Number of protein chains: 2
Amino acid sequence: MRIVVDAMGTDTRPDAEIEGAIHAARQFKDTIILVGQEKILGKALKQYDIGTLPIEIVHAEQEILMTDKPAIASKEKKNSSIHVGLQLVKDGYGDAFVTAGNTGAAHAIAMLYTLKRISGVKRPALSAIFPINRKPVIFLDVGANTDSKPDWMAQYAIMGHLYAQHSLKLSSPRVGLLSNGEEQGKGNQLTLETDALLRTLPLRYIGNVEPVDIMYGNVDVVVSDGFTGNILLKTFEASVHYLTKILREELKSNPINSLGALLATPAFKSTRKRMDTDEVGGAPLLGVNGVVIIAHGGSNARAITSAINQARMAVNGNVIDYIKESFEPVPTLD
Amino acid sequence: MRIVVDAMGTDTRPDAEIEGAIHAARQFKDTIILVGQEKILGKALKQYDIGTLPIEIVHAEQEILMTDKPAIASKEKKNSSIHVGLQLVKDGYGDAFVTAGNTGAAHAIAMLYTLKRISGVKRPALSAIFPINRKPVIFLDVGANTDSKPDWMAQYAIMGHLYAQHSLKLSSPRVGLLSNGEEQGKGNQLTLETDALLRTLPLRYIGNVEPVDIMYGNVDVVVSDGFTGNILLKTFEASVHYLTKILREELKSNPINSLGALLATPAFKSTRKRMDTDEVGGAPLLGVNGVVIIAHGGSNARAITSAINQARMAVNGNVIDYIKESFEPVPTLD
């Protein structure tokens, strides 16, 4: 397998990407194609003893910054690492694309300029994967489409279901609709109409779910409009960060607390590991015609390795083929 | 001042309410009027040495359960503690109403049957108050109206501003609009239209805010539609609960961790105290013609005392008068 990795995405680019790629090449024996400024990457790569590891470099002159407007960058930076990388997958030179760069730009370039939408898919969706009790929960859309429609959301459910089943290897995944109450009939106009649609689909649909159901692992695939999904994801991240910050302040507040904290260090470490999205690495942009894994801009090398592994799992699970098949028009008998 | 307290709201009713009322009567010297089954309350109250504390009981035959449908309960249980309590405020027998009971029912009974809307208010909003770094942040709507409109949300902003200024005593409160990005232009159709409206109002409007801005106290009043607001609130609660649960599991995993945890107990306690919504107690239902403070169903006595204090602050700050005034039609010169 050949995984294309945007080397210019993380806050510590290209180091996190290069180290992550080396680990991945070593661990998975797959070929990693790093995309970015050839000189910079070549020089950086020389600092590591990579021996005969299957790592290639493909040159891309431009870089899309996190501050670039997606609509403009996707149009004007045709030689960006994201554009070049996605084109490699489109051309069949690579099997999947991983980026920790500008999410909006990756979405726009994949959808409009390179991979394009899978036929029948109305809107691709961005997902997030929560590692809950060491089991993944896939949540979508987290921001591709701020204004969603019931039929788009029904498609998110189908794509999430297929990803959960074939890539995350969850058998018979439970699909839930994020709402402000568990009872049927709770929700806004959008979720009420989506709920009615979801009930007609051949999914294991369990109805409305609330945020606590995600945290308790009561559901495997959670469907939301992109605005609310984005707020949920950011609230989760901000809450964990805030609680950790306060706890750290309090633990430093006197010597006995500090000693306690020191003794409890392993527990804090394993807690962090269990909350850690680096273990997941990234999550798919679903609905475009190829495997695209989006990682966090703050990803470290380990997160990049995990994101590459997400890409491998999606390729091995033939997720794109399953999505294509499920959106194929039913043949009619003439 | 006379505060009416629904004695039949919490999970541990009427104990939490009675204890909370006793603390409040002792601490604030205000009269507390407990509403519920007279016999039960009288018997329960006898177990405490209340001496000459100004605590009254008003009988209400019925009780609205958390599982009751608000629309039905508000119509059919006219002798519920919520209905009787709100009517006491409506009749001027009490200055404010505090309940930890069925929020939807309290909302419906206040709006449709007793206090009614303040003239000019399109929709009352439910708020939540986050204690961030010991400073309150008021967030609304958290669920009164799952489908909101821009002009309703502009009114939430005005009411939140007035509550922050006159009850929470924040001078020149910063008002923000919850969105999926800080930059102007980020958002869904609803927030984009609301943003345009908010820019025309005489508020200290700081534009879009994200969940992290709430946690960092970068904003004092946060406006949201009721659906998204409800999801944010529940995600915050679920995240804190989830992180705490995992940390507890890990701390119990071996003796050294456990010893560390024991030594660090004061730090955990003060962390919990700083995250603790019991310190706030409750938050107002804004837009109805009287002070209504909604507390969590899981409130303990301390939370009830705090909720009573919220009510006192709102009454002392003349919040209702300020809201009335700001929605008064501007007199025209004929």
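Residues numbered from 1 in each chain as written. Chains lettered and ligands numbered in written order. Predicted model: local features only at pLDDT ≥ 70, side-chain atom pairs only at ≥ 80, totals over all residues. Heavy atoms only, no water.

## Here we look at the side chain of Asn180 of chain A
So the rule is basically this: Secondary structure elements are defined from DSSP: runs of H or I of at least 4 residues count as helices, runs of E of at least 2 residues count as strands, and each element is numbered from the N terminus. In the analysis that follows, any N or O atom pair within 3.5 Å is treated as a polar contact, provided that within protein one partner can donate a hydrogen and the other can accept it, and provided that, for residues neighboring in sequence, both atoms belong to side chains. In this description, contact between two residues means that some pair of their heavy atoms is separated by no more than 4.5 Å.
Along the chain, the position of Asn180 of chain A falls in the loop between β7 (174-178) and α7 (189-198). Only 3.2 Å separates the side chain of Asn180 of chain A from the backbone nitrogen of Gly187 of chain A, close enough to count as a polar contact. Among residues more than four places away in sequence, those in contact with Asn180 of chain A are Lys186, Gly187 and Glu210 of chain A together with Thr146, Phe227, Asn230, Ile231 and Lys234 of chain B.

## Side note on the packing of aromatic side chains
Note the cut-off: Here the aromatic set is Phe, Tyr and Trp, taking the six-membered ring for Trp, and pairing holds for ring centres within 6.5 Å; pairs whose planes are under 30 degrees apart are stacked, those over 60 apart are edge-to-face, and all others are tilted. Each residue is placed in one exposure class: buried if its accessible area under a 1.4 Å probe, protein chains only, is under 20% of its type's maximum, exposed if it is over 50%, and partly exposed if it falls in between. Distance and angle both matter: a charge sits over a ring if NZ of Lys or CZ of Arg is within 6 Å of the ring centre and within 35 degrees of the ring normal.
Counting across every chain of the model gives 4 aromatic pairs over all chains. Between Phe130 of chain A and Phe236 of chain A, the ring centres sit 5.1 Å apart and the planes meet at 85°, which makes this aromatic pair edge-to-face. Within this pair, whereas Phe130 of chain A is found in strand β5 (residues 125-132), its partner Phe236 of chain A is found in helix α9 (residues 226-251), the two being separated by 106 residues in sequence. By relative accessible area, which is 1% here, Phe130 of chain A ends up buried. A centroid spacing of 5.9 Å and a plane angle of 55° characterise the contact between Phe130 of chain B and Phe139 of chain B, whose relative ring orientation is tilted. The residue whose ring lies beneath Arg2 of chain A is Tyr93 of chain A, and the NZ or CZ to ring-centre distance is 4.5 Å.

## Examining the pairing of strand β1 (residues 2-6) of chain B
All names here are of chain B. The line we're drawing: The rule for pairing is simple: two strands pair if DSSP sees at least two bridges between them. If you view a crossover with the strands going away from you and the path from the first strand over the helix to the second runs clockwise, you call it right-handed.
Among the 5 residues that make up β1, 4 are buried, leaving the element largely enclosed by the rest of the structure. In the sheet, β1 pairs with strand β2 (residues 31-36) via 5 bridges, with the strands oriented parallel. When the sheet's bridge partners are listed, Val4 is paired in β2 with Ile33. The β-α-β motif built from β1, the intervening helix α1 (residues 15-28) and the parallel element β2 has right-handed crossover chirality. The sheet contact formed by β1 and strand β4 (residues 96-99) spans 3 bridges and is parallel. From the neighbouring strand, Ile3 faces β4, where its bridge partner is Ala96.

## Section: the nonpolar core
Rule in force here: As used in this record, nonpolar core signifies buried Ala, Val, Leu, Ile, Met, Phe, Trp, Tyr and Cys residues forming a set joined through side-chain atoms within 4.5 Å.
Counting 92 residues, the largest nonpolar core has Phe130 of chain A together with Phe130 of chain B as the members making the most contacts within it. Setting aside its immediate chain neighbours within four residues, Phe130 of chain B contacts Lys135, Pro136, Val137, Phe139, Ile214, Leu232, Leu233 and Phe236 of chain B.

## Regarding the sheet that holds strand β3 (residues 55-59) of chain B
Pairing between the strands of a sheet comes from backbone hydrogen bonds, and it takes one of two forms, parallel or antiparallel. Residue and element names in this part refer to chain B. Put simply, the test is: Angular values range over 0 to 180 degrees, each being the angle between N-to-C directions of two axes fitted as lines to C-alpha atoms, with helices fitted over their stretch in contact.
The mixed open sheet is built from 11 strands, whose spatial order is β3-β2-β1-β4-β11-β10-β5-β6-β9-β7-β8. Either end of the sheet is taken by a strand with one partner, and the two such strands are β3 and β8 (204-209). On average, each strand axis in the sheet is tilted by 25° relative to the strand beside it, whichever way the strands run. Along the sheet, helix α4 (residues 81-90) contacts β1, β2, β3, β4 and β11 (291-295); its crossing angle with β4, the most-contacted strand, is approximately 160°.

## What about α1 of chain B?
All names here are of chain B. Cut-off, in case you're wondering: Expected span, for any helix, means 1.5 Å times one less than how many residues it has.
Between the first and last C-alpha of α1 there are 20 Å, a value that for 14 residues agrees with the 20 Å anticipated at 1.5 Å per step. Considered for burial, the residues of α1 that qualify are Ala16, Glu17, Ile18, Gly20, Ala21, Ile22, Ala24, Ala25 and Phe28. Here the buried face of α1 lies against β1, β2, α2 (38-46), β3 and α12 (301-316). Two residues or fewer after α1 comes Lys29, characterised by a positive phi angle close to 65°.

## Some thoughts on a positive patch on the surface
Note the threshold: Patch membership needs two things, relative accessible area over 30% and no salt bridge, and members are linked within 9 Å if like-charged or within 5 Å if nonpolar (Val, Leu, Ile, Met, Phe, Trp, Tyr). With residues, only the protein chains shown are counted as cover, and all accessible areas are computed by Shrake-Rupley using a 1.4 Å probe. When a carboxyl oxygen of Asp or Glu is within 4 Å of a side-chain nitrogen of Lys or Arg, the pair counts as a salt bridge. Here Asp and Glu are counted as negative and Lys and Arg as positive; His is not counted, and neither are the chain ends. A charge is said to be at NZ when it belongs to Lys, at CZ for Arg, at CG for Asp and at CD for Glu.
There is a patch of like positive charges on the surface, built from Arg248, Lys252, Lys269 and Arg272 of chain A. With respect to the helices, strands and loops of the structure, Arg248 of chain A is situated in helix α9.

Keep in mind that these numbers describe shape and distance, not what the molecule does.
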